[in-house]
Amino acid sequence: MYRIYFKQAIQMLRQNSFISIISILGTALAIMMIMTIIVTEEVKTFRMAPEINRDRSLYIMYHVERDTTDGGWFSGLVPHDIVKEYLSALKTPAYTSFMNRLDDLNMQTTVNVEGLSDYGLYAARYVDASFWKVFSFGFIEGSGFSEEEFQSGIHHAVLSESTAKELFKGEKALGRNIQIAFTNYRVTGIVKDVSPVFKYAGGDIWIPYTSRKEGLRAGYVLLMATDKADFPRIIAEIRDVERKYAIDHHPKTLYLRGPENQKMRTMDLQANSEQEIREAIRIKNRRTVFVFLILLIIPALNLSGFSLSRIRKRIAEIGVRKAFGAKKYVILIQVLYENMITSLVGGLIGLILSYVAITWLKNWLLKVPEGSDIPLSAMLSPAVFAAVFVACLLLNLLSAGLSALKASRMTIVNSLNQNDR
Amino acid sequence: MTMIQLEGITKLYRTKDVETVALEQINLEVEEGEFLSVMGPSGCGKSTMLNIMGLLDLPNEGKVRINGIETNRMKDGPMAEFRNSMLGFVFQSFHLINSLNVQDNVELPLLYRPSTGRSRREQAGEVLAKVGLSHRMRHFPSQLSGGQCQRVAIARAIIGHPKIILADEPTGNLDSRMGEDIMSLLHELNREGTTIVMVTHDEHIARGTQRIVRFFDGRRIQ
Ligand SMILES: Nc1ncnc2c1ncn2[C@@H]1O[C@H](COP(=O)(O)OP(=O)(O)OP(=O)(O)O)[C@@H](O)[C@H]1O
Ligand SMILES: [Mg+2]
């Protein structure tokens, strides 16, 4: 039966080639749009060098400290004291790294090379030794610094390739002296450039924060698990830390936001407590569903015009089928099945188009830095196919459902006479 | 035994300002195995009556009983099965499906009952041979002449071995020789026990059948 429907559907596509092409293209573009949006979101969680451990990293970006006696509170980046006293002692994470926030230009640092280049502003990242374990930098020369060197507050600096070129005018930079914030450092490593898109690894210059007089008062904490299955245990440990802090610092309490995984990070959640973060996630998810519904409904409305005109042409056929014994629901299934073929063909084309679009636009739309690729496996995953299939199904039901239902319920004589009432 | 029984059938068509009485208080009984001709001028309600008999349309008043079964209150499912097994239609304007080839058009009634693709193909081959169209199985309706379309429509009506065939001018589009062939086919089916109700304008053809009823202006006059 379905084989015959299929044959007929293909025949009809050929007989109504213009409308068919338009509606297939309509579906294809809708799917492409949806896919591109999904990938734009997903790409933020893909593992890309140097942030190759995104899938097993958790982040604490924010803390709240409350005074339970007077209701006073203090919030912001994670203070160094908490990292030192509590977070560095965590048992589950493979590495705990602490780094400065480096989001905008006014966080840049004055850098110069005596006798060679004048003062310039560069993005300096103040990091610890774990930083080099958590991220995978492409070292061209030299290396990062060890835990011992970090503890000793050594004045070593790692420069990005283009920063080194600029500051040393193309001369060899490794082993030379450089002034960062008017303090002497020695260049001990040169790495391939890292795009500022990388919120935690990116920068022009990397130095141990112990080398700075003021150290690093507050920053981001990255907890890298051996396996992401450890996430719940790490989160539980953080909650323990909060309880311990409350006892140690009575009457003060501590909230460490998250720790958030990469996915949550991309949502950019604002929250001052566990409860608020749950609420924020719920709102975000609801908004996502809403956006996708709109993204489906608009093309569905457009496509429903085509479905309707295709069904109109077939009112008489539906009458004939019923006259020879087709039940209403059988008609409904057939119409939706045929429409689904169009949708799926469109969906497949849309998928291919989205790959083309994503590959093309990845630099400026997705801000995937030059040189790193979106893994093809991420775009060809079963989850993506399932999403496209569901999108096609919904598109199909939304665009053809109503007219199919109406057509299947007409009386036979009216259908035969094409009385579209 | 009475195969078809129309009892007090009235059918009205209402458009914006006019009301057409297509059928008025029609009573008619067709016996099992009968071959009945329906005659009358254009617009007198012949097709309307055939549609009501075939459960394709509902009357405003009256009852339709087929094979002793009251059809008025049947649900969609049983009604569809009933049509599929009991009734075969030859429509005045063929109503072939343009996106299906001849073979698939003819197989249509079998699609709505348990059957295998192979048995459907075999049966389609048989009935198409009967109407002399074996060589056109893969053609599409648009590639056939009017007479050929009519014969496909007849093949489709008889493939499912219905107890009743309702034919609206089955010879209307055929030349006289082909018309005679079709009539002898219908007579053969009738001999095998099929009840046939046929609308025709051709007095000569009607005389060949067992009984003629005549309509005028929505009323039965004979
Ligand atoms: N859907 C409809 N809406 C309004 N009036 C209709 C409709 N169908 C049929 N009629 C009217 O009902 C009357 C009977 O029509 P019907 O088709 O039964 O005639 P007929 O006897 O089959 O004619 P013909 O020999 O030309 O086929 C006609 O006056 C026709 O105009
Ligand atoms: Mg008629």
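Scope of this entry: the structure provided in the associated data block. (Residues numbered from 1 in each chain as written. Chains lettered and ligands numbered in written order. Predicted model: local features only at pLDDT ≥ 70, side-chain atom pairs only at ≥ 80, totals over all residues. Heavy atoms only, no water.)

## Things to note about the overall build of chain B
Here comes step 1: The helix and strand inventory of chain B stands at seven helices and ten strands.
Here comes step 2: A compact globule built from 222 residues should have a C-alpha radius of gyration of about 17 Å, and chain B, at 17 Å, falls within 12% of that.
Here comes step 3: Across its three principal axes, chain B shows a C-alpha extent of roughly 45 × 40 × 40 Å.
Here comes step 4: Looking at the 222 residues of chain B, the share that counts as buried comes to 55%.
Here comes step 5: For chain B, long-range pairs separated by at least 24 residues make up 70% of all intrachain contacts whose partners lie at least 6 apart in sequence.
Here comes step 6: Within the structure as shown, chain B displays about 10,000 Å² of accessible surface, and the carbon and sulfur contribution to it stands at 47%.
Here comes step 7: For chain B, the separation between the mean place of its 26 positive charges and that of its 27 negative charges on side chains is 4 Å. (Helix = DSSP H or I, 4+ residues; strand = E, 2+ residues; numbered from the N terminus. Rg over C-alpha atoms; globule rule 2.2 N^0.38 Å. Buried < 20%, exposed > 50% of the residue type's maximum accessible area, 1.4 Å probe, protein only. Contact = heavy atoms within 4.5 Å. Areas by Shrake-Rupley, 256 points an atom, 1.4 Å probe, with all protein chains shown as cover. Lys, Arg positive; Asp, Glu negative; His and termini not counted. Charge placed at Lys NZ, Arg CZ, Asp CG, Glu CD.)

## Considering the interface of chain A and chain B
Here comes step 1: With 25 residues of chain A at the interface, the matching set in chain B holds 30 residues.
Here comes step 2: Roughly 2,300 Å² of surface becomes buried between chain A and chain B when both sides are summed, with 64% attributable to carbon and sulfur atoms.
Here comes step 3: Of all residues in chain A, I4, F324 and V413 of chain A bury the most surface against chain B, accounting for 29% of the area lost on that side.
Here comes step 4: One can count one salt bridge joining chain A with chain B.
Here comes step 5: Across the contact surface, chain A and chain B share six residue pairs in polar contact (both at pLDDT 80 or more).
Here comes step 6: Counting only elements with at least two residues in the side of chain A that touches chain B, the list comes to α1 (2-15), α10 (315-323), α11 (328-361) and α14 (412-416) of chain A. (Buried area = accessible area lost by both parts, 1.4 Å probe. Salt bridge = Lys/Arg side-chain N within 4 Å of Asp/Glu carboxyl O. Polar contact = N/O pair within 3.5 Å; in protein donor to acceptor, adjacent residues only side chain to side chain.)

## Here we look at empty space enclosed by the protein
Residue and element names in this part refer to chain A.
Here comes step 1: Within the structure shown, the criterion is met by five cavities of 30 Å³ or more.
Here comes step 2: M12, R310, R314, E338 and N339 are, among the 13 residues lining the largest cavity, the residues nearest its centre.
Here comes step 3: Elements that contribute at least two residues to the lining of the largest cavity include exactly α1, α9 (274-312) and α11.
Here comes step 4: Tallying contributions element by element places α11 first for the lining of the largest cavity, with four residues.
Here comes step 5: A per-class count over the lining of the largest cavity returns five nonpolar, five polar and three charged. (1 Å grid on protein atoms, 1.4 Å probe; cavity = no way out; pocket = protein on both sides within 12 Å on 5 of 7 lines; lining within 4 Å. Points joined across faces, edges and corners; volume = space filled by probe spheres on them. Nonpolar A, V, L, I, M, F, W, Y, C, P; charged D, E, K, R; others polar.)

## Side note on the coordination of the magnesium ion (ligand 2)
All names here are of chain B.
Here comes step 1: Taken together, the protein ligands of the magnesium ion (ligand 2) are S47 (OG) and Q92 (OE1), with distances of 1.9 to 2.4 Å. Taken together, the residues S47 in helix α1 (residues 46-53) and Q92 in the loop between β6 (87-90) and α3 (102-111) connect sequence positions 45 residues apart.
Here comes step 2: Looking at Q92, the relative accessible area reads 38%, which means it is partly exposed. (Donors = N, O, S within 2.8 Å, 3.2 Å for Na, K, Ca; no water.)

## So, the layout of surface pockets
Residue and element names in this part refer to chain A.
Here comes step 1: Empty space within the largest pocket amounts to approximately 600 Å³.
Here comes step 2: Lining the largest pocket we find 22 residues, and of these I37, E41, T288, V289 and F292 sit closest to its centre.
Here comes step 3: Where the lining of the largest pocket is concerned, the elements lending two or more residues are α2 (17-42), α8 (262-267), α9 and α13 (382-409).
Here comes step 4: Top contributing element to the lining of the largest pocket by residue count: α9, with nine residues.
Here comes step 5: Within the lining of the largest pocket, the residues separate by chemical class into 13 nonpolar, three polar and six charged.
Here comes step 6: Inspection of the lining of the largest pocket shows a minimum of three residues originating in each of domain 1 (2-47 + 278-416) and domain 2 (56-267). (Domains from an automatic or database assignment.)

## Remarks on the packing of aromatic side chains
Here comes step 1: For the structure on display, the rule yields 17 aromatic pairs over all chains.
Here comes step 2: With centroids separated by 5.1 Å and ring planes inclined at 85°, the aromatic side chains of F150 of chain A and Y209 of chain A adopt a geometry described as edge-to-face. With F150 of chain A in helix α5 (residues 147-151) and Y209 of chain A in the loop between β13 (205-208) and β14 (218-224), this residue pair connects regions lying 59 residues apart in the sequence.
Here comes step 3: Ring centres 5.6 Å apart and planes at 5° place the aromatic pair F89 of chain B and F91 of chain B in the stacked group. Residues F89 of chain B and F91 of chain B agree in their burial class; the two are buried.
Here comes step 4: An aromatic cluster of at least three residues, connected via ring pairs, comprises F131, W132, F135, F137, F139, F145 and W206 of chain A.
Here comes step 5: Across the ring face of W73 of chain A, the terminal group of R66 of chain A is positioned such that the distance to the ring centre comes to 5.5 Å. (Phe/Tyr/Trp six-rings, centres within 6.5 Å; stacked < 30°, edge-to-face > 60°. Lys NZ or Arg CZ within 6 Å of the ring centre and 35° of its normal.)

## A short note on the pattern of salt bridges
Here comes step 1: Scanning the entire structure with this criterion turns up 24 salt bridges over all chains.
Here comes step 2: The partner of K244 of chain A in a salt bridge is D248 of chain A, and the shortest N-O contact between them spans 4.0 Å. With K244 of chain A and D248 of chain A both in helix α7 (residues 231-248) and four residues apart, the pair spans about one turn of that helix.
Here comes step 3: Across the pair E81 of chain B and K327 of chain A runs a salt bridge whose closest N-O atoms are separated by 2.5 Å. Pair noted here: E81 of chain B is in helix α2 (residues 76-86) and K327 of chain A is in the loop between α10 and α11, and the two residues belong to different chains.

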